[in-house]
Amino acid sequence: MTALSSPPLPPNTVQHLAELGIASREQLRAQGVVHTFLLLKAAGHTVTQRLLFALEAAARGVHWQELDDADRAQLTRAQHDHPPVRLPPPPAEANRFMAEAMGLAKAAAAQGEVPVGAVVVRDGRIIGRGFNRPVISHDPSAHAEMVALREAAATLGNYRLSGCDLYVTLEPCPMCGGAILHSRLDRVIYGATDPKIGAAGSVLNLFGERALNHQTALFGGIEAAACGQLLSDFFRRRRNAAP
């Protein structure tokens, strides 16, 4: 791997990138120049158009002044069109709130519902909880995410949940994805993927649709194995109980 250096990058930028786990040209390319630029911005660092150009130069192994007008225009357009980038929650925080969601998923299973649980978090505090309950409530919209969003909105007295995160044990479906975007959540942190109806990339990526007027950051795979095991165990028990 080729280590990032100064020039073309300022020394403090090289340090900030290393803190984000980007220490080589190959890692910068894999992350994407524009995405990396927005990561630095999300981390609270001062960023300028010249830094964007310097990152592109670093990815190519040239000086930023070697970029031509077309290169710079393309980078500027890509920055404008890129979905918002946010940092993931700290691992300890993510695991703690996913454990809360998993506890709710177990409560769903105990009532014969598919075990999916969700919590809405704001400023380190849970303001909404939910688990799957479409069967017992005779409500096709009563997915864990929807229940948690309703409770969070009632808690805040506002359907807009800016500044909030949703933790859910299973990748959201299109219905829940639409509600998440409408509520203006900052981040969705989910556990297992859903290859049948997942709307966060497994079947479609509703959250990557630029035509929509809000984008929510996605972070998947948190406690994925444990979340998936809850589902596997539930459906195995159901099959074994079938006549």
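Scoring rules and cut-offs
Residues numbered from 1 in each chain as written. Predicted model: local features only at pLDDT ≥ 70, side-chain atom pairs only at ≥ 80, totals over all residues. Heavy atoms only, no water. Axes fitted to C-alpha atoms, helices over the stretch in contact; angles between N-to-C directions. Helix = DSSP H or I, 4+ residues; strand = E, 2+ residues; numbered from the N terminus. Parallel < 35°, antiparallel > 145°, perpendicular 65-115°, else oblique. Contact = heavy atoms within 4.5 Å. Nonpolar A, V, L, I, M, F, W, Y, C, P; charged D, E, K, R; others polar. Buried < 20%, exposed > 50% of the residue type's maximum accessible area, 1.4 Å probe, protein only. Lys, Arg positive; Asp, Glu negative; His and termini not counted. Salt bridge = Lys/Arg side-chain N within 4 Å of Asp/Glu carboxyl O. Polar contact = N/O pair within 3.5 Å; in protein donor to acceptor, adjacent residues only side chain to side chain.

(A) Quick peek at the packing of helix H6 (residues 91-110) against helix H10 (residues 224-241). Viewed as axis vectors pointing N to C, H6 and H10 meet at an angle of 5 degrees, and their least axial separation amounts to 10 Å. Our classification of the angle between H6 and H10 gives roughly parallel. Counting all contacts with H6, which are made through Met98, Met102, Ala105, Lys106 and Ala109, the residues of H10 involved are Ala226, Cys227, Leu230, Phe234 and Arg237. Residues of the contact of H6 with H10, tallied by class, amount to 8 nonpolar, no polar and 2 charged.

(B) Focus on the side chain of Asp194. Mapped onto the fold, Asp194 is located in the loop between strand E4 (187-192) and strand E5 (217-219). Of the buried charged residues, Asp194 lacks a salt bridge, with Lys196 as the closest side chain of opposite charge at 7.1 Å. Of note is the side chain of Asp194, whose polar atom sits 3.3 Å from the backbone nitrogen of Ile197. With near-sequence residues (within four places) excluded, Asp194 lies in contact with Leu170, Glu171, Ser202 and Val203.

Keep in mind these numbers describe shape, not what the thing actually does.
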